Amino acid sequence: MSGRVIVFGSINLDLVTRVKTLPLPGETVIGSDYQLIPGGKGANQALAAAQSLTDPKRVLMTGCVGEDDFASRALSNLSKIGLDLKRTRPSATSTGIAMIGVDENGENSIVVCPGANGLTSAEQLRDIGLSARDVLLTQQEVPLDEVFAAHAIARQSGAIIVHNAAPAASLPTKAIGNMDYLIVNETEAEAICREHDLKARINETGSQELAFVIAERFGVSVILTLGENGAVSVLVGNRLQHEAIPANVVDTTGAGDVFCGTFAACLADGISSEQAVEKAMAAASRACEVFGAQSES
Ligand code: RIB
């Protein structure tokens, strides 16, 4: 039985430049010419989900853009692939942007100016006919109260809730308890452990065990992505190690988003969570070989 992927999240236009090394605090570095590339964690994840489904219309992007020239550029890849943009709305402000530097190793440094993303509301999900076959996919670049309200709406319909805790922010116990799958990188996992006083456990068990500690404490399935070291997952209590898939890294920007979007799409297709992690890892690895957060559809 296949469902839809409902993405509730940010839409940005990324201003990207290559630099030799990323600037340290207080340092100025000179970059290459900049490029304007569609981005935003929500939009990146929606595109990845649409790219892995046979029918891109099964992806609904819920977000906000401004009433400016950047809006259509930010949405260009989502429009081109033909996913459902009926719940993405314009508002009388500026489209979100992200200023991104990418160094010679493909690592990045990002500053996000949220703009219209700050107006994204769970109300946009009302009456979309969510069902238990659907997957709601969220991140943390739109107001968190609205993200939690979106989770509550999904919970009522029995839809699967996949939350990517990026970028790191405070996450109350109740909010984590409402999720089915929590996807984090090491920094985000450590932030959750610090906030919920799980630090002693981290020191005892080492960073790869963060997924287990969080899953045990909150009763949620956790996927901890570890970049070139693969991933660790605790899926309904089942602990797994996932080997990294080698890549010729050009730019890691958005690779985590590709992971999340592909994972959600697999769940919507009825694929097991274990297999979904493997497919998501393969897609994220390919994404590292392309410059910019969104690869061509
Ligand atoms: O995860 C990468 C994304 O983070 C970029 O596309 C940028 O817009 C920021 O939201």
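Whatever comes next refers back to the structure up there.
What you see is a predicted model; the values in this text were computed from it and never measured. (Residues numbered from 1 in each chain as written. Predicted model: local features only at pLDDT ≥ 70, side-chain atom pairs only at ≥ 80, totals over all residues. Heavy atoms only, no water.)

Colleague: Explain the side chain of Ser285 here, please?
Modeller: With respect to the helices, strands and loops of the structure, Ser285 is situated in helix H10 (residues 273-287). Look at Ser285 and you get buried, because its relative accessible area is 9%. Those residues in contact with Ser285 that lie beyond four places of it in its chain are Ile245, Pro246 and Ala247. (Helix = DSSP H or I, 4+ residues; strand = E, 2+ residues; numbered from the N terminus. Buried < 20%, exposed > 50% of the residue type's maximum accessible area, 1.4 Å probe, protein only. Contact = heavy atoms within 4.5 Å.)

Colleague: I'm lost on the sheet that holds strand E1 (residues 5-8) in this one. Help?
Modeller: The pairing of strands in a sheet comes from backbone hydrogen bonds and takes either a parallel or an antiparallel form. Taken in spatial order, the nine strands line up as E5-E4-E1-E8-E9-E10-E11-E12-E13 in an open sheet, and their pairing is mixed. The open sheet has two edge strands, strand E5 (88-91) and strand E13 (238-242), and neither has a second partner. With direction set aside, neighbouring strand axes in the sheet form an average angle of 15°. Note that E1 and strand E4 (residues 59-66) share four bridges and pair parallel. Looking at E4, one finds that Ile6 is bridged to Leu60. Here helix H6 (residues 186-195) sits on the sheet and contacts strand E9 (160-164), strand E10 (181-185) and strand E11 (221-225); the angle it forms with E10, its principal contact strand, is near 110°. (Pairing = 2+ DSSP bridges. Axes fitted to C-alpha atoms, helices over the stretch in contact; angles between N-to-C directions.)

Colleague: Help me understand the site of the ligand in this model?
Modeller: The environment of the ligand is formed by 14 residues, the closest being Asp14, Gly40, Lys41, Glu141 and Asp257. Within the side chain of Asp14, one N or O atom sits 2.6 Å away from an oxygen atom of the ligand. Burial of the ligand by the protein amounts to 96% of the accessible area it has alone, namely 280 Å². Contributions of two or more residues to the shell around the ligand are made by strand E2 (12-18), helix H1 (41-52) and strand E7 (108-113). Along the lines of polarity and charge, the residues of the shell around the ligand split into four nonpolar, six polar and four charged. (Near = heavy atom within 4 Å. Polar contact = N/O pair within 3.5 Å; in protein donor to acceptor, adjacent residues only side chain to side chain. Areas by Shrake-Rupley, 256 points an atom, 1.4 Å probe, with all protein chains shown as cover. Nonpolar A, V, L, I, M, F, W, Y, C, P; charged D, E, K, R; others polar.)

Colleague: What's the story with the sheet that holds strand E6 (residues 96-102) in this structure? I'm lost.
Modeller: Strand order in the open sheet made by the four strands is E3-E2-E6-E7, with mixed pairing throughout. The open sheet has two edge strands with one neighbour each: strand E3 (35-39) and E7. For this sheet, the mean inter-axis angle between neighbouring strands, taken without regard to orientation, is 25°. The sheet contact formed by E2 and E6 spans seven bridges and is parallel. Among the inter-strand pairings, Asn12 is bridged to a residue of E6, identified as Gly96.

Colleague: How should I be thinking about the state of the cysteines in this particular structure?
Modeller: Here is the idea: a disulfide is a covalent bond, and it sits between the sulfur atoms of two cysteines. In total, this model carries zero disulfides according to the counting rule given. Here Cys193 stays unpaired: no disulfide links it, and the sulfur of Cys260, its closest cysteine neighbor, is 18 Å away. No disulfide involves Cys288; its sulfur sits 13 Å from that of Cys260, the nearest cysteine. Take Cys288: its relative accessible area is 12%, and that puts it in the buried class. (Disulfide = S-S within 2.5 Å.)

Colleague: Is there a simple way to think about the packing of aromatic side chains in this case?
Modeller: The geometry of an aromatic ring pair comes down to the distance between the two centres and the angle between the two planes. Taken as a whole and judged by the stated rule, the model has two aromatic pairs. With 5.3 Å between their ring centres and 75° between their planes, Tyr181 and Phe263 make a pair best called edge-to-face. Taken together, the residues span a long stretch of sequence, with Tyr181 in strand E10 and Phe263 in helix H9 (residues 255-268) at a distance of 82 residues. For Phe263, a relative accessible area of 0% translates into the label buried. (Phe/Tyr/Trp six-rings, centres within 6.5 Å; stacked < 30°, edge-to-face > 60°.)

Colleague: In this structure, what is going on with unusual backbone geometry? I would like to understand it.
Modeller: Residues other than glycine predominantly adopt negative phi, and peptide bonds predominantly adopt the trans conformation. Cis geometry marks the peptide bond from Ala166 to Pro167; its omega dihedral reads -10°. If you trace the backbone, Pro167 turns up in the loop between E9 and helix H5 (173-177). Phi is positive for Asp127, which is not a glycine, with a value near 60°. Topologically, Asp127 is positioned in the loop between E7 and strand E8 (135-138). Even without glycine at this site, Asp197 takes up a positive phi of about 60°. Mapped onto the elements of the fold, Asp197 is located in the loop between H6 and helix H7 (199-205). For Asp197, a relative accessible area of 67% puts it in the exposed group.

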